[in-house]
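Examination of the molecular architecture
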Amino acid sequence: MSATLDAPPLDPPPLDPRRYFESVAARDSVAERPPVCLYLEVTNRCNLLCETCPRTFEALEPPMDMSMDLFRKIVDQVPGVARVVLHGVGEPMLVKHLPDMIRYLKARGTHVLFNTNGTLLAPRKHQEIIDTGLDELRVSLDAAEAATFLKVRGKDMFDRIVRNVSTFTNLQQATGATKPLVSLWLTGLKETVDQLPEFVRLAARIGVKEVHLQRLVFDEAGFGMARADSSLFESTRAEEEAVIAAAQAIGREVGVLLDASGATEPGLSLKKQADDKPWATCRRPWSLMYFTAHGRALPCCIAPFSARGYENYTLGDATQQTLREIWNSPAYRDFRTGLVGDEPPKPCQGCGLRWSL
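Residues numbered from 1 in each chain as written. Predicted model: local features only at pLDDT ≥ 70, side-chain atom pairs only at ≥ 80, totals over all residues. Heavy atoms only, no water.

1. Describing the sheet that holds strand β4 (residues 136-140)
Condition: At least two bridges found by DSSP between two strands is the condition for calling them paired. Every helix listed is a DSSP run of H or I at least four residues long, and every strand listed is a run of E at least two residues long, numbered separately from the N terminus. Note on contacts: a residue pair is in contact if any heavy atoms of the two residues lie within 4.5 Å. All axes here are fitted lines through C-alpha atoms, helices being fitted over the stretch that makes contact, and every angle between N-to-C directions spans 0 to 180 degrees.
Strand order in the open sheet made by the ten strands is β7-β6-β5-β4-β3-β2-β1-β8-β9-β10, with mixed pairing throughout. The open sheet is flanked by β7 (257-260) and β10 (316-317), the only strands paired with a single partner. Strands β2 (83-85) and β3 (111-116) of the sheet are contacted by helix α2 (residues 98-106), whose axis makes an angle of about 155° with β3. Contacting β5 (181-188), β6 (210-215) and β7, helix α6 (residues 196-205) runs over the sheet at an angle of about 145° to β6.

Dropping the structure here:
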């Protein structure tokens, strides 16, 4: 049997890589098709101390950058992969061979993106990033001004990031570069949602055309600012809904799209499903595979934020197994069976409406 996860013919044709989850037709214990998306945690190291990130508060795995050998080993087993996300719980731009990874994927026609905190998006790197063919560059900024940024992200680097992004988009405009699509991301907290209108205006000033309101994810114990009392999900007040609506209106005026982080718009992304199963629309265990810098297979990028202890939801090891062996292994089949039931796996229990699509 081939070690690659060769894709059967798709009918209809391949979907928009940004809506990769729509490739899933049936949700049974066995995935009928290979993953169309890979999340590769190219590093678990970071240079910020974000109050909403688990790695700030606990050691998830020993510090590691994913080697090119492991990167190629994983990618080469999914020759038809449509989308690859080069981030996890670390800062991708700390990895020296990140441009080589992007070029390797673009050579096979893959849609490639990563989230960055923007601190290392120095002007000397801008042309190289553009030249790789990267499709999306997502900058997690989380605030519209420096004081709030310091509170949420742990270091005083707001002005540097804004300059870096502005210089990058100016270069794109000057050279006619249409890629990567640059977007700004704000994690929706009760402490920061009031900054959303100014966040949209900031995006417009620095040449960014997309803003995403990202839902806070946390486990039952919580950590830092990732706690139930900071979350907007299921508890949005009228004044907070008004702020979101105002930000959307400003976006229309200045030419900036305000969207959510999943498959829906910001307001709906913060509400619970009518059938009281917030995990019920998830398609990730049938459409993607996530690997840490060490090669550990996890259910998705949300799992480290919503449940503790990698050993409790590890689904395989790419250094010891082929992806074919992992994808429909007993661990993966059990995980999928639980997700479609009334008692989903722990990482999925608090995930929420459409967020994890």
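2. Let's talk about the side chain of His111
Note the threshold: For every residue, the accessible area (1.4 Å probe, protein chains only) is compared with the maximum for its type, and the residue is labelled buried under 20%, exposed over 50%, or partly exposed between those bounds. For this analysis, a polar contact is any N or O atom pair within 3.5 Å, provided that within protein one partner can donate a hydrogen and the other can accept it, and provided that sequence-adjacent residues contribute only side-chain to side-chain pairs.
Take His111: it is sitting in strand β3. Judged by relative accessible area, His111 falls into the buried class, the value being 15%. In this structure the side chain of His111 is engaged in a polar contact, spanning 2.8 Å, whose partner is the side chain of Glu136. Filtering out sequence-adjacent residues up to four positions away, His111 remains in contact with Pro17, Arg18, Ala82, Arg83, Val84, Lys106, Asp135 and Glu136.

3. So, the packing of helix α1 (residues 68-75) against α2
Short version of the rule: Any angle between 65 and 115 degrees counts as roughly perpendicular, while under 35 counts as roughly parallel, over 145 as roughly antiparallel, and the rest as oblique. If you view the pair so one helix is near and one far, a crossing is left-handed when the near helix is turned anticlockwise from the far one by less than a right angle, and right-handed when it is turned clockwise. Residues are sorted three ways: Asp, Glu, Lys and Arg are charged, Ala, Val, Leu, Ile, Met, Phe, Trp, Tyr, Cys and Pro are nonpolar, and all the rest, Gly among them, are polar.
At a minimum axis separation of 11 Å, α1 and α2 run at an interaxial angle of 20°. Relative to α2, the element α1 is oriented roughly parallel. The handedness of the crossing between α1 and α2 is right-handed. Mapping the contact onto sequence places Met68, Phe71, Arg72 and Val75 in α1 and Asp100, Met101, Tyr104 and Leu105 in α2. Counted by class, the contact of α1 with α2 contains six nonpolar, no polar and two charged residues.

4. Here's the deal with helix α5 (residues 158-175)
What sets the pattern is the α-helix's 3.6 residues per turn: residues three or four places apart point alike. We apply this condition: In a helix, the anticipated span is given by 1.5 Å times the number of residues less one.
In this model, α5 (18 residues) spans 26 Å end to end at C-alpha, consistent with the 26 Å of a helix rising 1.5 Å per residue. Buried residues of α5: Phe158, Ile161, Val162, Asn164, Val165, Ser166, Phe168, Thr169 and Gln172, and no others. Residues of α5 that are buried make contact with α3 (123-132), β4, α4 (146-153), β5 and α6. Two residues or fewer past α5, Gly176 is found with a positive phi of approximately 75°.

5. Considering the packing of aromatic side chains
Put simply, the rule reads: Here a pair means two rings of Phe, Tyr or Trp (six-membered ring of Trp) with centres within 6.5 Å. Their orientation is stacked below 30 degrees between planes, edge-to-face above 60, and tilted elsewhere. Any Lys NZ or Arg CZ that is within 6 Å of a ring centre and within 35 degrees of that ring's normal is treated as a charge sitting over the ring.
With the rule as written, the count across this model stands at six aromatic pairs. Ring geometry for Phe71 against Tyr104: centres 5.8 Å apart, planes inclined by 65°, an arrangement best described as edge-to-face. Here the residue Phe71 occupies a position in helix α1, and Tyr104 occupies one in helix α2, the gap between them amounting to 33 residues. Above the face of the Trp327 ring, Arg336 is positioned so that its terminal group lies 4.6 Å from the ring centre.

6. Brief notes about unusual backbone geometry
Here Lys179 and Pro180 are connected by a cis peptide whose omega angle stands at 0°. Locating Pro180 in the fold gives a position in the loop between α5 and β5. Residue Asp142 is not a glycine yet carries a positive backbone phi of 70°. By the element assignment, Asp142 lies in the loop between β4 and α4. The exposure class assigned to Asp142 is buried, which follows from its relative accessible area of 4%.

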